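# Summary of the model geometry
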Amino acid sequence: MEPTPHILVVDDEREIREPLAKYLVKNGLRASIAAGGVDARKEIKTSAIDLVVLDIMMPGEDGLSLCRHLRETTDIPVILLTAMAEDTDRVVGLEIGADDYLTKPFNPRELLARIKAVLRRARSVPRPREAMEGERLRFGGWVLDMNRRELIGNDGVAAPLSTAEFKLLAVFLQRPGIVLSREQLLDLTSGRGAEVFDRAIDNQVSRLRRKVEADPKNPVLVKTVWGGGYMFTAEVEQVS
């Protein structure tokens, strides 16, 4: 039996976070609350959080900053709460890795449905191999520096990577030999925003192949699995 999912509700408005937490508990989830970024960071360090519902507009550290921190340091899914008029914040949130968003005012029942959907997707995504979470990963004549976000060839020359290409390559290197569907790759690289489509992954894979494959038309590192998605087939090892 799977443990009850633990949701963290982060909102500076008490009249929103407390009733929402009670509603989630009433509907079979565990819930904790935080009034801002400082409290949220403490809760995430001390508790096993399965998903964060995060308000964007907060005093002190705003939701976008906290979302960026979560994407850089954890794989916890994030659902953003945005003001109706703040379309730019919504787009930026999806770009930095939020899994979904909902505009205020919202129906708690709709938020509950979105939480369950995001949790289902998160559970279906293969987790990275622990041995492949190091700072520098070597594969097929290349080294990817995870901290510097640099792809370095055997000649010591760095090949430029866009943010999307880096995220996609990191996902492949951390899950070698595993078939990843387009939907899983979207979840792992950019969340499931309404503006993101499965074919975007095909385009990103094509661009990545042009960077890392000796012959992009006949790839040997990133293989297409017909009817399944893509698989990274090269051996990957950590380097100091």
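Described below are features of the structure shown in this document. Predicted model only: the values in this text are computed from it and were never measured. Counting from 1, residues in each chain are numbered in the order their sequence is written. Selection of residues for local features in this predicted model requires a pLDDT of at least 70, selection of side-chain atom pairs for listing and counting requires 80 or more, and totals for whole chains, interfaces and linings are taken over all residues. Hydrogens and waters are ignored; side-chain quantities use all the structure's heavy atoms.

## Concerning the packing of aromatic side chains
- The rule is short: rings of Phe, Tyr and Trp, with Trp giving its six-membered ring, pair when the centres are within 6.5 Å, and they are stacked under 30 degrees, edge-to-face over 60, tilted in between. Counted by the stated rule, this structure contains two aromatic pairs.
- Centre to centre, the rings of Phe139 and Phe232 are 5.5 Å apart; their planes meet at 75°, and the pair counts as edge-to-face. Taken together, the positions of Phe139 in strand β6 (residues 136-139) and Phe232 in strand β11 (residues 229-232) put the pair 93 residues apart, joining distant regions of the chain.
- Exposed residues in this analysis have more than 50% of their type's maximum accessible area, buried residues have under 20%, and partly exposed residues fall in between, with area computed by a 1.4 Å probe over protein chains only. Looking at Phe139, the relative accessible area reads 1%, which means it is buried.
- Look at Phe172 and Phe232: their rings are 6.2 Å apart centre to centre, the planes differ by 25°, and that puts the pair in the stacked class. Of this pair, Phe172 sits in helix α6 (residues 163-174) while Phe232 sits in strand β11, and the two are 60 residues apart along the sequence. The secondary structure listing takes helices from DSSP runs of H or I that are at least 4 residues long and strands from runs of E that are at least 2 residues long, numbered from the N terminus.

## Section: the side chain of Glu165
- Here Glu165 lies in helix α6.
- By relative accessible area, Glu165 is classed as buried at 6%.
- Pairs of N or O atoms within 3.5 Å make up the polar contacts considered here, provided that, within protein, one atom can donate a hydrogen while the other can accept it, and that residues adjacent in sequence are counted only when both atoms are side-chain atoms. Polar contacts involving the side chain of Glu165 include one to the main-chain amide nitrogen of Ser162, which spans 2.9 Å.
- Whether two residues are in contact is decided by their heavy atoms, any of which lying within 4.5 Å being enough. Leaving out residues up to four positions away in the same chain, Glu165 has contacts with Pro160, Arg207, Leu208 and Lys211.

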